[in-house]
Amino acid sequence: MASASQTPARRVDGKPRVIVTRALSPSIEARLSELFDCRLNRDDTPLTREGLIAAMNEADVLVPTVTDRIDAAMIEQAGERLRLIASFGAGTDHIDLAAAAKRRITVTNTPSVFTEDTADLAMALIIGVPRRMREGVALVRSGEWSGWAPTAMLGRKLASKTLGIVGMGRIGQAVAHRAKAFGLDIAYHNRKRLPEAVERMFGATYVGTLGELLAQTDILTLHCPSNPQSHHMIDADAIRAMKDGACLINTARGDLVDQEALIEALESGRLAGAGLDVYPDEPRVDERLIRHPNVMTLPHIGSATREGREESGVKVIANIHMWTDGHRPPDQVLDALI
């Protein structure tokens with residue numbers, strides 16, 4: 001027998017109403033429409049706060065994405081029929097999970113889908129920033145490149161440098177696997193130390209505090225969730241603890257970094273460069289970051305592969321399907337029974 005939190009509210013036709021907040025791949029949208037009473041966002045215009053609240057009053061199932069902020073006040077205004085939030089993406093920091101549990105709303109996500117894709121992008125930035133690739137591309141495109149010279153466009157080699165990884169979960173470990181092949185020495189800080197066998201596999205050294213990690217790191221890459229404890233974990237004090245000429249890579253969440261402190265360190269030369277795929281006020285990107293010659297600014301594309309987005313959609317469908325059948329969804333992130 002399914003629990004009350006797992007039993008979907010059904011329409012007369014037997015299909016739960018599913019509202020999807022953003023456009024998904026055509027095959028995923030077709031399958032959703034086939035299986036459920038589905039409302040799609042054909043023009044892919046992000047829903048406003050009011051639009052999300054309206055959707056939460058009409059839906060049995062809401063399918064948001066990681067850029068849809070769903071806070072406690074919004075969940076309080078949700079209709080009684082809303083019983084499942086089947087989020088598209090691995091992160092859940094955009095949803096107030098405690099408020100959802102209080103309203104007995106089940107929440108699911110799509111974990112493990114984007115691990116390799118995000119690690120690939122992080123590695124591209126880890127290579128690209130020390131080698132000044134953004135600046136090199138701009139130079140060629142400007143038409144001002146005068147040709148090869150012994151002292152032109154000198155960057156930093158990767159081999160024997162220390163890569164500091166903050167957050168050694170699935171993505172952090174996937175980055176370590178790639179970095180090892182480039183001859184980087186790997187140090188990491190995590191809430192819990194990894195088993196010794198895993199450390200040996202990556203050649204990784206555990207560092208007990210973030211401050212210790214910063215002091216020995218040439219390239220710092222962030223792979224941790226956004227929460228009150230991690231907000232602005234890289235602030236002015238943290239940057240001062242880093243080596244002169246170090247590089248910062250962030251493909252995790254924009255609010256992990258104090259952006260003003262980062263810009264000041266870049267403009268002063270304290271940091272040699274940065275590779276950013278996320279920002280605190282997306283889609284706005286500070287013009288000072290865009291102008292800086294050695295800041296690679298990407299438009300949040302860590303998970304942007306056809307294969308990954310397709311697989312994430314498949315997981316969303318599986319979660320809704322299991323819930324519709326009265327079973328616990330495979331990717332439930334918080335039990336709504338309190």
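Keep in mind the model is a prediction, meaning the values are calculated, not measured. (Residues numbered from 1 in each chain as written. Predicted model: local features only at pLDDT ≥ 70, side-chain atom pairs only at ≥ 80, totals over all residues. Heavy atoms only, no water.)

S.K.: Kindly report on the overall build of the chain, identifying the contributing residues and their values.
M.R.: If you tally the helices and strands in the chain, you get 13 helices and 13 strands. For 338 residues, the compact-globule estimate of 2.2 N^0.38 gives 20 Å, and the chain sits close to it at 22 Å. Each principal axis of the C-alpha distribution contributes one length, and for the chain these read about 75 × 50 × 35 Å. Among the 338 residues that make up the chain, the fraction classed as buried is 49%. Partitioning the contacts of the chain with sequence separation of at least 6, the portion at a separation of at least 24 is 63%. Split by element, the accessible area of the chain, about 16200 Å² in all, is 53% carbon and sulfur. (Helix = DSSP H or I, 4+ residues; strand = E, 2+ residues; numbered from the N terminus. Rg over C-alpha atoms; globule rule 2.2 N^0.38 Å. Buried < 20%, exposed > 50% of the residue type's maximum accessible area, 1.4 Å probe, protein only. Contact = heavy atoms within 4.5 Å. Areas by Shrake-Rupley, 256 points an atom, 1.4 Å probe, with all protein chains shown as cover.)

S.K.: Could you give an account of the packing of helix α5 (residues 115-128) against helix α7 (residues 170-181), naming the residues involved and the relevant values?
M.R.: Across the interface, α5 lies against α7 with an axial gap of 9 Å and an inter-helix angle of 50 degrees. The orientation of α5 relative to α7 falls into the category oblique. Like other packed secondary-structure pairs, α5 and α7 cross with a definite hand, here right-handed. Contact residues: α5 offers Thr115, Glu116, Thr118, Ala119, Asp120, Ala122, Met123 and Ile126, while α7 offers Arg170, Ile171, Ala174, Val175, Arg178 and Ala179. (Axes fitted to C-alpha atoms, helices over the stretch in contact; angles between N-to-C directions. Parallel < 35°, antiparallel > 145°, perpendicular 65-115°, else oblique. Left-handed = near helix turned anticlockwise from the far one by under 90°.)

S.K.: Which residues make up the pattern of salt bridges, and what values go with them?
M.R.: In total, this model carries 23 salt bridges according to the counting rule given. For Asp120, the salt bridge identified is with Arg178, shortest N-O distance 2.8 Å. Taken together, the residues Asp120 in helix α5 and Arg178 in helix α7 connect sequence positions 58 residues apart. Arg178 sits in the buried class, given a relative accessible area of 17%. The residue Asp286 makes a salt bridge to Arg288 at a minimum N-O spacing of 3.0 Å. Residue Asp286 is classed as buried on the basis of its relative accessible area, which comes to 6%. Of the residues examined, Arg288 reaches a relative accessible area of 27% and is grouped as partly exposed. Salt bridges here are not isolated pairs; linked through shared partners, they connect Glu260, Arg284, Asp286 and Arg288. (Salt bridge = Lys/Arg side-chain N within 4 Å of Asp/Glu carboxyl O.)

S.K.: Go over unusual backbone geometry, please, and point to the residues and values.
M.R.: The linkage connecting Glu282 with the following residue, Pro283, adopts the cis geometry, with an omega of 5 degrees. If you trace the backbone, Pro283 turns up in the loop between β11 (271-276) and α12 (287-291). Phi at Arg132 takes a positive value of approximately 55 degrees, unusual for a residue other than glycine. Examined against the element boundaries, Arg132 turns out to sit in the loop between α5 and α6 (133-142).

S.K.: Describe the sheet that holds strand β1 (residues 17-20), listing the residues and the values that go with them.
M.R.: What holds strands together in a sheet is hydrogen bonding between their backbones, with the strands either parallel or antiparallel. Within the open sheet, the six strands sit side by side as β2-β1-β3-β4-β5-β13. Their pairing is mixed. Whereas interior strands pair on both sides, the edge strands pair on one side only; in this sheet they are β2 (37-39) and β13 (332-334). The sheet shows a mean angle of 25 degrees between the axes of neighbouring strands, taken without regard to direction. As defined by bridge partners, β1 adjoins β2 across three bridges and the pair is classed as parallel. (Pairing = 2+ DSSP bridges.)

S.K.: Now, about the packing of helix α1 (residues 26-35) against helix α13 (residues 306-324): what can you tell me, with residues and values included?
M.R.: If you want to describe how two helices pack, look at the angle between their axes and the distance between the axes. As a packed pair, α1 and α13 sit with axes 9 Å apart at the nearest point and diverge in direction by 10 degrees. Taken together, the axes of α1 and α13 are roughly parallel relative to one another. Considering the relative orientation of α1 and α13, their crossing is right-handed. Here Ser27, Ile28, Arg31, Leu32 and Leu35 of α1 lie close against α13, whose contacting residues are Glu310, Gly313, Val314, Ile317, Ile320 and His321. Within the contact of α1 with α13, the residues separate by chemical class into six nonpolar, three polar and two charged. (Nonpolar A, V, L, I, M, F, W, Y, C, P; charged D, E, K, R; others polar.)

S.K.: Explain the sheet that holds strand β6 (residues 162-166) residue by residue, including any values.
M.R.: Reading across from one edge, β8-β7-β6-β9-β10-β11-β12 is the order of the seven strands in this open sheet, with parallel pairing throughout. Since the sheet does not close on itself, it has two edges, and those belong to β8 (204-206) and β12 (295-297), each with one partner. Averaged over all neighbouring strand pairs, the angle between strand axes comes to 20 degrees, with direction disregarded. Bridge count between β6 and strand β9 (residues 219-222): four bridges; the pairing is parallel. Residue Leu163 lies in a different strand from β9, and its bridge partner there is Ile219. Sitting on the sheet, α7 is in contact with β6, β7 (185-189) and β9, with an inclination near 170 degrees to β6.

S.K.: Can you break down α13 residue by residue, with the values?
M.R.: Because an α-helix completes one turn every 3.6 residues, residues spaced three or four positions apart along the sequence face the same direction. Relative to the 27 Å expected for 19 residues at 1.5 Å per residue, α13 spans 27 Å between its end C-alpha atoms, a close match to the ideal helical length. Within α13, burial applies to Gly308, Ser312, Gly313, Val316, Ile317, Asn319, Ile320, Trp323 and Thr324. Buried-residue contacts for α13 involve β1, α1, β3 (61-63), β4 (84-86), β5 (106-108) and α5. Just past α13, the residue Gly326 takes up positive phi, approximately 85 degrees. (Expected span 1.5 Å × (residues − 1).)

S.K.: Which residues make up the nonpolar core, and what are the values?
M.R.: Among the nonpolar cores identified, the biggest contains 30 residues, and Val166, Leu220, Leu222, Ile234, Leu262 and Leu271 are the most heavily contacted of them. Looking at this core, the elements that each hand over two or more residues are α9 (210-216), β9, α10 (236-241), β10 (246-250), α11 (259-268) and β11. For this core, the element with the most residues is α11, which contributes five residues. Sequence-distant contacts of Leu271, that is, excluding residues within four places in its chain, are made with Ile239, Met242, Ala246, Leu262, Ala265 and Leu266. One finds Ala122, Ala176, Leu194 and Ile249 within the second-largest nonpolar core, a separate group that totals 26 residues. (Core = buried A, V, L, I, M, F, W, Y, C linked by side-chain atoms within 4.5 Å.)

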